[in-house]
Amino acid sequence: MADDAQAPRRPPVGALPPCCAPMCLRLPPPCNPDTLLNITAKKVAETIPFARIEEKYDRIPEPVQRRIVFWSFPRNERDICMYSSLSRIQNNQEPGSLAFCKGMKLLETGCVEQVLQVGFHLSGLVTAPRSPPPPTLPCGDIEPPTKFKVSVSFDRCKITAVTCTCDTKDIFWCQHVVALSLYRIRNADSVGLRVPISETLLQMDRQQLQKFVQYLIAEHHTEVLPTAQRLADEILQQRSEINQIAGAPDPTAGAAADDAHTWHLDETQVCEQVRSYLAQGTYYNANKQLNSLFSKVCSIEGATVSTEIKKAHWLNCDVT
Ligand SMILES: [Zn+2]
């Protein structure tokens, strides 16, 4: 009855990289019998945009919202493996060097903390590993480890956007995004879960809202004060653009009903990589790498492949 007990939705196109062979992916645990709320929330979370449900019903009870939000995160570790790395190891890659393998290691060594899911947004801190002895500061104290702030947006069981303060520029996700995503899948029941922030704000009266905004500005005044003042000025001008639009954006509320929901792929980086491979001429490895890249891009469900990438693919086929 439960989805989890059945075979994966798609065949595992992105097989576990050979360098990850000692680690094992965990399959979602069976959960039978399931409540009617859970069964329906699972199905709805996977197939219907949340905005569509909000349009249809004036009020969605909070327990229902929470279950839909809970089940909207990807459930299968194989998906994270597939969308975070190429399908096979490149010749010049060291075993274990893939972001997925590194992310798995970070997870298993307890480097992920402060994980919180607010609506369709997951955030957490991932500590960078370092080999002993730890570096020391000029004063003799041990240098604190670097912690990266990672966040992931998702919709209908697909990760649609990722950010990480490590600023890695790559086609696929960095190891910190992988670690956070795997952490959420393995610890789904213990990760803090809140409804979208706009829903929480709705519960506050005017006094509480004032307090909320002032505390928020006080805690982050260096970063947010210029933006806060600009927004305040705009809101106080009756004819400003912001006052012509009803409502306000909420980054935790999930995608709009008509938004595409595809797995996150940085297309600019794909184009860069294709250009770099093509510049290497017709060497065997460059063609092989290009084909590997194309098969990955094409395997991303619903991915919009740009004309430039398609052209490069045809060119590569002619060359090979
Ligand atoms: Zn990162």
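Just so you know, these numbers come straight off a predicted model, no measurement behind them.

Asks: Mind showing me how you'd approach the confidence of the model for the chain here?
Replies: Caution applies to low-pLDDT regions: their predicted coordinates should not be interpreted in detail. Across the chain, pLDDT averages 80, with 70% of residues at or above 70. Within the model, the stretch residues 1-14 combines pLDDT values under 50 with 24 contacts to residues more than four positions away or in other chains. Every residue in residues 313-320 is under pLDDT 50, and counting partners more than four places away or in other chains gives 7 contacts.

Asks: Teacher, can you tell me more about helix H5 (residues 99-108) here?
Replies: Given 3.6 residues to a turn, an α-helix orients residues that are three or four positions apart in the same direction. Within the span of H5, buried status applies to Phe100, Cys101, Gly103, Met104, Leu106 and Leu107. Glycine 110, located one to two residues past H5, shows a positive phi value of around 70°.

Asks: Can you help me understand the sheet that holds strand S1 (residues 112-118) in this one?
Replies: Hydrogen bonds between backbone atoms are what pair the strands of a sheet, whose relative direction is either parallel or antiparallel. If you trace the 5 strands from one edge of the open sheet to the other, you get S4-S3-S2-S1-S5, paired in mixed fashion. Strands with a single pairing partner mark the edges of an open sheet, and in this sheet they are strand S4 (158-164) and strand S5 (192-194). Taken pair by pair, the neighbouring strands of this sheet meet at an average axis angle of 20°, ignoring direction. Sheet analysis places strand S2 (residues 121-127) next to strand S3 (residues 147-155), joined by 7 bridges and oriented antiparallel. Directly across from histidine 121, in S3, lies its bridge partner serine 153.

Analysis parameters
- Sequence order as written defines the numbering, with residues in each chain counted from 1.
- Local features in a predicted model are, by the rule used here, given only for residues with pLDDT of at least 70; side-chain atom pairs are given and counted only at 80 or more, and totals for whole chains, interfaces and linings are based on all residues.
- Known as pLDDT, the predictor's per-residue confidence is scaled from 0 to 100.
- We call two residues in contact if the C-beta atoms placed from their backbones are at most 7 Å apart.
- Three exposure classes are used, all based on how many other C-beta atoms lie within 10 Å of a residue's own C-beta (placed from the backbone): buried at 20 or more, exposed at 12 or fewer, and partly exposed between those limits.
- Elements are defined by DSSP. Helices are runs of H or I of four residues or more, strands are runs of E of two residues or more, and each kind is numbered from the N terminus.
- DSSP calls a pair of strands paired once it identifies at least 2 bridges connecting them.
- For helices, the fitted line uses only the C-alpha atoms of the stretch in contact; every axis is such a line through C-alpha atoms, and the angle between N-to-C directions lies from 0 to 180 degrees.

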